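# Observations on chain architecture
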2 protein chains.
Amino acid sequence: MLIGELAEVTGVSARALRHYEDQELLVPERDTNGYRNYAEADVIRVAQIKAMIAAGLGTATIRQYLECARTGEHGTTLELCPRLTAELESLAGRLDARQAELRDTRRRLSGLASRSSELSASA
Amino acid sequence: MLIGELAEVTGVSARALRHYEDQELLVPERDTNGYRNYAEADVIRVAQIKAMIAAGLGTATIRQYLECARTGEHGTTLELCPRLTAELESLAGRLDARQAELRDTRRRLSGLASRSSELSASA
DNA sequence: GTATGGCTTCACGTCAGCGTGAAGGTCAAG
DNA sequence: CTTGACCTTCACGCTGACGTGAAGCCATAC
């Protein structure tokens, strides 16, 4: 599977796929002419990577996840995953915090719009 | 109040405060020697800016918010605010979406850890 | 006077995830 | 043999919120 093909199937740009290779997230085989030759299973991997990037994870974290997932396929109990779970928990927490702050901000704004009162903020 | 003082009080770096000035978020008076002279009320404004940046708002949006808030102190009904409310709504929506995706990602990871089964993802 | 420390203005560096040419090799078709 | 669509590797550009010197002025202490 050539890069353009995978790009079209997954909806990810060819440039992004090369970027994933630079980041060692998805390193395909090479044909004799130097062209990247992706496996069918890589469609799934790209979807995973897409989802994790959209979730706000950095490539370094995603790389760890993929390594951990590969280890898991051997049947062992995924030693690295607890750290990743912690990472995901902390990211979820940060998102929660951001959302809470956003709600406060929005509340203050609404308050201003209706009352036109004094400005106030929590530290 | 000098920049270093405000920096220490608010926990925001002096560099960041100068950046806020470049972005026209907080433009202090100047002493005869050219030093920035912040008002006491700016402590609150910095806290607001901090909160909004942490909430994921860009400086351009924050500037609009601050202008709108200033207008509000005159007693008028804040014409610009509806646009900002929409902006905040959309940001809240994006955060919700990210959180949902993150939860899915985390679920998939948990699934892998317990089952060590086949990789799967939703497009 | 001078040592210190805070202040000033440039202005390039950083991180992340790509976008966007540039310059050129590969391959099937006409 | 040439066109044209695909591929390759650089390598700079972009957005955002600053970090980090560099070079120099200001103010207080000794």
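Only a predicted model underlies this, so the values are computations on that prediction, with no experimental measurement involved.

Moving on: the overall build of chain A. Along the backbone of chain A there are five helices and two strands. Moving toward the C terminus, one meets the helices and strands of chain A in the order α-α-β-β-α-α-α. Here chain A holds 123 residues, and the buried ones make up 39% of them. Just so you have it, chain A exposes about 6900 Å², and 49% of that area is on carbon and sulfur atoms.

Moving on, we get to the protein's contact with DNA strand C. Among the 20 residues in the neighbourhood of DNA strand C, the closest are listed as Ser-13 and Tyr-35 of chain A together with Gly-4, Tyr-35 and Arg-36 of chain B. One of the side-chain nitrogen or oxygen atoms of Asn-33 of chain A is found 3.1 Å away from a phosphate oxygen of DNA strand C. Contact between DNA strand C and Arg-30 of chain B: a phosphate oxygen at 3.0 Å from a side-chain N or O atom of the residue. Among the secondary structure elements, those contributing two or more residues to the surface near DNA strand C are α2 (14–22) of chain A together with α1 (3–10) and α2 (14–22) of chain B.

What follows covers the protein's contact with DNA strand D. Surveying the vicinity of DNA strand D reveals 20 residues, the closest of which are Gly-4, Arg-18 and Arg-36 of chain A together with Ser-13 and Arg-15 of chain B. When atoms of DNA strand D within 4 Å of the protein are sorted by moiety, sugar and phosphate together comprise 67%. Within the side chain of Arg-30 of chain A, one N or O atom sits 3.0 Å away from a phosphate oxygen of DNA strand D. Between Tyr-35 of chain B and DNA strand D, the recorded distance is 3.4 Å, taken from a side-chain N or O atom to a sugar or linking oxygen. Every element with two or more residues in the surface near DNA strand D is listed here: α1 (3–10) and α2 of chain A together with α2 of chain B. Per-element accounting of the surface near DNA strand D gives the leading share, four residues, to α2 of chain B.

Attention shifts here to empty space enclosed by the protein. Per the stated rule, a full pass over the model turns up one cavity of 30 Å³ or more. Of the volumes computed, that of the largest cavity is approximately 30 Å³. Of all the elements in the fold, those that place two or more residues in the lining of the largest cavity are α3 (42–54) of chain A together with α5 (81–115) of chain B. Here the residues of the lining of the largest cavity sort into two nonpolar, two polar and one charged.

All names here are of chain A. Mean pLDDT over chain A works out to 79, with 75% of the residues at or above the 70 mark. When the elements of chain A are averaged for pLDDT, helix α5 (residues 81–115) gives the smallest value, 71, and strand β2 (residues 36–37) the largest, 97. In this model residues 73–79 is a low-confidence stretch, pLDDT under 50, and it forms eight contacts with partners more than four residues away in sequence or in other chains. Contacts from residues 115–123, a stretch scored under 50 in pLDDT, to residues over four places away or in other chains number 18 contacts.

This paragraph deals with unusual backbone geometry. Phi at Glu-24 of chain A takes a positive value of approximately 60°, unusual for a residue other than glycine. Inspection of the secondary structure assignment puts Glu-24 of chain A in the loop between α2 and β1 (29–30).

Another aspect to go through is the pattern of salt bridges. Residue and element names in this part refer to chain A. Taken as a whole, this structure holds four salt bridges over all chains when the rule is applied. Arg-30 is paired through a salt bridge with Glu-21; the nearest N and O atoms lie 3.1 Å apart. Taken together, the salt bridges that share partners define one network made up of Glu-21, Arg-30 and Arg-36.

Let us now look at α1 of chain A. What sets the pattern is the α-helix's 3.6 residues per turn: residues three or four places apart point alike. All names here are of chain A. Restricting attention to buried positions, one finds in α1 the residues Ile-3, Leu-6, Ala-7 and Thr-10. The buried residues of α1 occupy an angular sector of 105° when projected down its axis, which confines them to one face. Pointing more than 90 degrees away from the buried face of α1 are the exposed residues Glu-8 and Val-9. The inward-facing, buried residues of α1 contact α2, β2 and α3. Two residues or fewer past α1, Gly-11 is found with a positive phi of approximately 80°.

Scoring rules and cut-offs
Residues numbered from 1 in each chain as written. Chains lettered and ligands numbered in written order. Predicted model: local features only at pLDDT ≥ 70, side-chain atom pairs only at ≥ 80, totals over all residues. Heavy atoms only, no water. Helix = DSSP H or I, 4+ residues; strand = E, 2+ residues; numbered from the N terminus. Buried < 20%, exposed > 50% of the residue type's maximum accessible area, 1.4 Å probe, protein only. Areas by Shrake-Rupley, 256 points an atom, 1.4 Å probe, with all protein chains shown as cover. Near = heavy atom within 4 Å. Polar contact = N/O pair within 3.5 Å; in protein donor to acceptor, adjacent residues only side chain to side chain. 1 Å grid on protein atoms, 1.4 Å probe; cavity = no way out; pocket = protein on both sides within 12 Å on 5 of 7 lines; lining within 4 Å. Points joined across faces, edges and corners; volume = space filled by probe spheres on them. Nonpolar A, V, L, I, M, F, W, Y, C, P; charged D, E, K, R; others polar. pLDDT = per-residue confidence, 0-100. Contact = heavy atoms within 4.5 Å. Salt bridge = Lys/Arg side-chain N within 4 Å of Asp/Glu carboxyl O. Arc of directions from axis to C-beta.

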